[in-house]
Amino acid sequence: MEKLAAGIDLGGTNLRGVLSNERGNFLARSKEKIDLGSERAIVEQIVKMICSLCNSKEVEVSALEGVGIASTGPLDMHKGMLVNPTNIPFPKVPLTRPVGQELGVPVYLLNDCTAAVIGEREFGAGKGVDDLVYVTIGTGIGGGAIVDGHLLLGKDGNAVEIGHMVVDPSGRLKCGCGKRGHWEAYCSGKNIPNFVRMRLAKMDKRKVKKSLLFKHVKGKLAALRSQHLFEADRAGDELSLKLVEEIGVFNAIGIANVVNVYDPSLITMGGSVVLKNRELIMKPIEEHVGDYTRNRIPRISVTPLLEEVGLYGAVAAVLRYSYVFK
Ligand SMILES: [Zn+2]
């Protein structure tokens, strides 16, 4: 009989789940807002989602090889819990033990970017690739890496936190983690508005007021979101073009650091900022990455698995990498 697994993606806002066969074909999908009522509420929601995914295909939960939970970190993969997670307001969220007790199947917890890189390797653009890095630019910036065929995990499962590499030694912007000059503080979806406001404050006020970007936010820079900048760029706004280019250079520095450290033959990129603005993000990286790399530049592309790359990885963790997470 064909092996089946359930995959869960626990993000900042949404809980998504899939039921998959061993070839990575999703038989059923589900998406809900995360119930942040309590730690236990999150567990109950995951259990309920997996049961209803199985029910919808008349599969017994006990027939699953296991459940993979890909989550935003930080986490402790050995204890199976989130520890001071960025987007969930509890200091500790135990997951693998309580979910496993309810469902009676093995449960594995892994960082969502770690999940993404194995999802890419098993079911996406990285098939047969032994040196592969996945980079996400979404609400935050993160990564997952396979080097010489080995998945990098670190002591707690939070290796490859590349969003906190320094790309601006002058440290003009402070990161959500509290430190200065980090890549994520300049280029993530959440922080691009801070970067834009900082740059606009240094520019000629009249020029700023005349810009399409200023009009898009009706003069209220506090209401600025990253998509305003990309939309104004696409409409030809000169000021926005300049700022998107500057963000592109920071991205190129970040990617060049990844190339220098891991020497991958393929980098795939995902996350909402990349997926919504492919050209505007990828082009400056292609143009500038060579200014900062010592190692040979690898192929750099957008993940074909789109926003489901983490779910593919959650499933791959159960079906192909369970030995790593035991
Ligand atoms: Zn940081």
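Model, not experiment: these values are computed from the prediction.

Draft legend 1. Region of interest: the overall build of the chain. Per the secondary structure count, the chain includes 13 helices and 13 strands. Counting only C-alpha atoms and orienting by the principal axes, one finds that the chain spans roughly 65 × 45 × 35 Å. Considering the chain as a whole, with its 326 residues, one finds that 59% of them fall into the buried category. Sequence separation of at least 24 residues holds for 63% of the intrachain contacts in the chain that already meet a minimum separation of 6.

Draft legend 2. Geometry of the packing of helix α9 (residues 238-262) against helix α11 (residues 278-288). Axis separation between α9 and α11 bottoms out at 8 Å; the angle between their running directions is 60 degrees. Accordingly, the angle class assigned to the pair α9 and α11 is oblique. Crossing handedness for the pair α9 and α11: right-handed. For the pair formed by α9 and α11, the contact residues are Val-244, Glu-245, Gly-248, Val-249, Asn-251, Ala-252 and Ile-255 on the first element and Leu-280, Ile-281, Pro-284, Ile-285, Glu-287 and His-288 on the second. Here the contact of α9 with α11 is composed, by residue class, of 8 nonpolar, 3 polar and 2 charged.

Draft legend 3. Geometry of the coordination of the zinc ion. For the zinc ion, the protein coordination sphere consists of His-164 (ND1), Cys-175 (SG), Cys-177 (SG) and His-182 (ND1), at 2.0 to 2.3 Å. Bound by 4 donor atoms, the zinc ion shows angles of 99 to 119 degrees at the metal and therefore tetrahedral coordination geometry. Sequence spacing among the residues donating to the zinc ion works out to H-x10-C-x1-C-x4-H.

Draft legend 4. Structural view of unusual backbone geometry. Across the junction of Gly-73 and Pro-74, the peptide omega takes the value -5 degrees, indicating a cis bond. Its location among the elements puts Pro-74 in the loop between β4 (67-71) and β5 (75-76). Backbone geometry at Glu-58 places phi at a positive 50 degrees, although glycine is not the residue there. We note that Asp-263 has phi near 50 degrees; this positive angle belongs to a residue other than glycine. Summarising the element assignment, Asp-263 is placed in the loop between α9 and β12 (266-270). Residue classification places Asp-263 among the partly exposed positions, given a relative accessible area of 44%.

Draft legend 5. Highlighting the sheet that holds strand β6 (residues 81-83). Strand order in the open sheet made by the 3 strands is β5-β6-β7, with antiparallel pairing throughout. Edge positions in the sheet fall to β5 and β7 (92-94), since each has one partner strand and no second.

The rules behind these values
- Residues numbered from 1 in each chain as written.
- Predicted model: local features only at pLDDT ≥ 70, side-chain atom pairs only at ≥ 80, totals over all residues.
- Heavy atoms only, no water.
- Helix = DSSP H or I, 4+ residues; strand = E, 2+ residues; numbered from the N terminus.
- Buried < 20%, exposed > 50% of the residue type's maximum accessible area, 1.4 Å probe, protein only.
- Contact = heavy atoms within 4.5 Å.
- Axes fitted to C-alpha atoms, helices over the stretch in contact; angles between N-to-C directions.
- Parallel < 35°, antiparallel > 145°, perpendicular 65-115°, else oblique.
- Left-handed = near helix turned anticlockwise from the far one by under 90°.
- Nonpolar A, V, L, I, M, F, W, Y, C, P; charged D, E, K, R; others polar.
- Donors = N, O, S within 2.8 Å, 3.2 Å for Na, K, Ca; no water.
- Tetrahedral: all angles 85-135°; square planar, octahedral: opposite > 155°, others 65-115°.
- Pairing = 2+ DSSP bridges.

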